[in-house]
Amino acid sequence: MKKRVKKEPKKFLFRMKKKLVLLFMIVVLALLALGIRIGYIVFNEGDTYAKTVLSQQSYDSRVISYKRGDILDRKGNVLATSEDVYNVILDCKVINSDKKYLSPTISALTSCFDITEDEIKTILKDNPKSQYYVLFKKISYDETEQFNEIKEDEKKGKNVKGVWFEKGYQRVYPFSTLASDVIGFTTSSNEGMTGIENYYNSTLNGTNGREYGYLDSDSSISKTVIDAVDGETVMTTIDVNIQKSVEKHVKKFLKKYKDNARDGDGAKNIGVIVMDPNNGEILAMADYPNYDLSDPWSLDAYYTEKQQKKMSEEDRLDALNEIWQNFCVTSTYEPGSTIKPFTVATGLETGTLTGNEVYYCDGVQKVAGHEIHCVNRSGHGNETVRGALMDSCNDAIMQMAFAIGKKNIVNYQNVFNFGLRTGVDLPGEARTDTLVYSEEDMDKASLATNAFGQNFNVTMIQVASGFSSLINGGYYYQPHILKKTMDEDGNIISENDSVLLKKTVSKETSDTLRDYLYSVCDKGTGSTAKVEGYSMGGKTGTAQKLPRGNGNYLISFIGYAPQDDPQVVIYITVDEPNIEDQAHSSYAQEVVHDILEDILPYMGIFQDEKKSKKSNKSDTNSDATTDVPDDDKEDEVKEEQTEEEKLDNIDTMEEETEENEED
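Scoring rules and cut-offs
- Residues numbered from 1 in each chain as written.
- Predicted model: local features only at pLDDT ≥ 70, side-chain atom pairs only at ≥ 80, totals over all residues.
- Heavy atoms only, no water.
- Patch = residues over 30% accessible without salt bridge, like charges linked within 9 Å, V, L, I, M, F, W, Y side chains within 5 Å.
- Areas by Shrake-Rupley, 256 points an atom, 1.4 Å probe, with all protein chains shown as cover.
- Salt bridge = Lys/Arg side-chain N within 4 Å of Asp/Glu carboxyl O.
- Helix = DSSP H or I, 4+ residues; strand = E, 2+ residues; numbered from the N terminus.
- Buried < 20%, exposed > 50% of the residue type's maximum accessible area, 1.4 Å probe, protein only.
- Phe/Tyr/Trp six-rings, centres within 6.5 Å; stacked < 30°, edge-to-face > 60°.
- Lys NZ or Arg CZ within 6 Å of the ring centre and 35° of its normal.
- Axes fitted to C-alpha atoms, helices over the stretch in contact; angles between N-to-C directions.
- Parallel < 35°, antiparallel > 145°, perpendicular 65-115°, else oblique.
- Left-handed = near helix turned anticlockwise from the far one by under 90°.
- Contact = heavy atoms within 4.5 Å.
- Nonpolar A, V, L, I, M, F, W, Y, C, P; charged D, E, K, R; others polar.
- Lys, Arg positive; Asp, Glu negative; His and termini not counted.
- Charge placed at Lys NZ, Arg CZ, Asp CG, Glu CD.
- Polar contact = N/O pair within 3.5 Å; in protein donor to acceptor, adjacent residues only side chain to side chain.

S.K.: Describe a nonpolar patch on the surface, with residues and values.
M.R.: On the surface, Leu23, Val27, Leu31, Leu34 and Ile38 cluster together to form a nonpolar patch covering roughly 470 Å² of accessible area. Within the element layout of this structure, Val27 appears in helix α1 (residues 9–55). For Val27, a relative accessible area of 41% gives the class partly exposed.

This is the structure we're talking about:
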């Protein structure tokens, strides 16, 4: 009998463990090799493989456009808004993926949009894998609805695939040309070009959102949406009804004098500002020429087709920029006699005038070897300070300036903000720091001419803001166009409180000035502007333009109402009216009169004076404004004077300050 040999269990277990360890090591090495390979692929060819993977899936991603904020007037009337528009997007890959989609989709597109079957087939052939092809831009909601009705039809729309609508916005201006230079316009990419659209561009603009995800084979989608953030709504200080009145009467003036003695339009430029003197709010701002905000690149209103064809690209841009610019803010000019109240205020405030002075006007001042004439070459005779403003007497004003002194004149020009920017919240405010005198540069002749508003330059917004401080007790408020900003639901985000920048004159000086300016409109050169039944004051201006002696003038009027508690300031400049004899401020006054006649009742300003039997308003085609001569023609001369005499009264302004004027 054989003896059974027992296997040793320890040796068996050892061999088994050895095999398992070997197998484990092989697996680990294989995984390590695989990891290294994957790492290599990701590092060197990751983008290629990612694109390959994505190309095998239906990927959906689109921008969600923000809505640019509205621009409103002070009462909520919409001046600019953004309306819904849609881009028609083709997913060529989906349409091409199955023949059964092709015919019904093409049929739906051709029945709803202006496109042929061949055109669609060409697009699908040339862009077979495109998932974002823009077929049409900025179509209306109604146009999209017609297509959606077909798509939702169980029979017709069953196989209509690969077409969707991308929502966007288009800027719309309901009032067309109204306040065009104030509102401004945008590019197609929502960038403000001019006006409020430009200045408050970042406020009006929002942030685009995004929707993205992956489509599976069943056309179900897992989406992630980041919502768009809409822009803020800007409420302005503008009052649409006041703005309409201003522009209506400017157009009336232009039409009246369009075909007068001179060729061209009714004037080269016209600017009007209506302000609240007690807080700096701009109630209306208009200028001519203006433009259609819905078609700002068109020159058709001012140039014939023949003229436009002759224009180079540079000429065309120059012409557009001239139309787009806001004359009230961006243009500088010599203001003329509207500066005389500032000269008188400087004298009263510095104590160099008491208001009791009497000056003798003989019609001329001999200054530094030059003769500077008054409008009345025969002289006004004795003139009080009040009378000098009423008659707009250059001779008396120059004598005041000599008493005031150039140091005070230069200092108070700065106090009234001439030579400085006002900080108005509109783009392009002109610099005037090089267009005014320093004490060192001002000689006696320039002192004399500066006193009545020649030989230095200003902007309309400077004059209107400074004048407001003269008649409101001496408070200089920063002029502004923004009232507040709001969200899409009308909730207030921020309010633009009035900013008091400085005190220009005392209440006593302000009260005295108002008393003098009342006389100007009651019995003086400003009586054409006066509205019967209302107490008001103001000052006329007639500045002879460079080159002197060519008969070109900028005429103006600035005034306020009511007398004791001014609620509104109005300032108009008419640059080169289309009239043979331009030097009559009455042409500017007639526009002011008509505007105030409209807006004073609208603003709730009540009549506070008895009406006279006869109207103060006169025929503006005559050389007089009312019962008194229009003595505010600083450089006007009589017909019997020689040509040499006509140039005498402006010689000093040309010779002494030629360099400053050219600037």
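S.K.: Tell me about the pattern of salt bridges, and please be specific about residues and values.
M.R.: In the structure shown here, the tally under the stated rule is 19 salt bridges. Between Glu197 and Arg171 there is a salt bridge whose closest N-O contact spans 2.9 Å. In this pair, Glu197 is assigned in helix α7 (residues 195–199) and Arg171 in strand β5 (residues 163–172), connecting sequence segments 26 residues apart. Judged by relative accessible area, which is 13%, Arg171 ranks as buried. A salt bridge links Glu576 to Lys545; its shortest N-O distance comes to 2.8 Å.

S.K.: Break down the packing of aromatic side chains for me, with residues and values.
M.R.: Counted by the stated rule, this structure contains 20 aromatic pairs. On the numbers, 5.5 Å between centres and 40° between planes, the contact of Phe113 with Phe136 is tilted. You can see Phe113 sitting in the loop between α3 (99–112) and α4 (117–126) and its partner Phe136 sitting in strand β4 (residues 133–139), a full 23 residues away along the chain. Ring geometry for Tyr257 against Tyr587: centres 5.5 Å apart, planes inclined by 85°, an arrangement best described as edge-to-face. Separated by 330 residues along the polypeptide, Tyr257 in helix α9 (residues 240–257) and Tyr587 in helix α20 (residues 586–602) bring together distant segments of the chain. Tyr587 carries the same exposure label as Tyr257, and that label is buried. Pairwise contacts between aromatic rings join Phe342, Tyr412, Phe416, Phe418 and Phe456 into one cluster. Taking the ring centre of Tyr475 as reference, the NZ or CZ of Lys503 above it sits at 4.5 Å.

S.K.: Talk me through the packing of helix α15 (residues 394–404) against helix α17 (residues 444–451); I want residue IDs and the actual numbers.
M.R.: Following both chains from N to C, one finds α15 and α17 inclined at 125°, their axes separated by 8 Å at the closest point. Between α15 and α17, the angle is such that the two are oblique. Every pair of crossing elements has a handedness; the one defined by α15 and α17 is right-handed. Here Ile397, Met398, Ala401 and Phe402 of α15 come into contact with α17, specifically with Lys444, Leu447, Ala448 and Ala451. Split into classes, the residues belonging to the contact of α15 with α17 amount to seven nonpolar, no polar and one charged.

S.K.: Could you give me a rundown of a negative patch on the surface, with the residues and numbers involved?
M.R.: Taken together, Glu314, Asp315, Asp318 and Glu322 make up a surface patch of like negative charges. Of the residues examined, Asp315 reaches a relative accessible area of 41% and is grouped as partly exposed.

S.K.: Would you mind going over the environment of Lys93 in detail, with residue names and values included?
M.R.: Along the chain, Lys93 turns up in helix α2 (residues 92–96). Sequence separation between Lys93 and Gly162 is 69 residues; the distance between their C-alpha atoms is 7.8 Å.

S.K.: Requested: an account of α15, with residues and values cited.
M.R.: For α15, a buried count of eight out of 11 residues is recorded, marking the element as mostly surrounded by other parts of the structure. Along α15, the residues that are buried comprise Asn394, Asp395, Ala396, Ile397, Met398, Met400, Ala401 and Ile404. In the stretch just after α15, Gly405 is the one whose phi turns positive, near 90°.

S.K.: Describe the side chain of Ser468, naming the residues involved and giving the relevant values.
M.R.: For Ser468, the location among the structural elements is in helix α18 (residues 460–471). Take Ser468: its relative accessible area is 3%, and that puts it in the buried class. Looking at Ser468, its side chain comes within polar contact range of the main-chain oxygen of Ala464, at 2.8 Å. Contact partners of Ser468, with chain neighbours within four places excluded, come to Met275, Pro277 and Val569.

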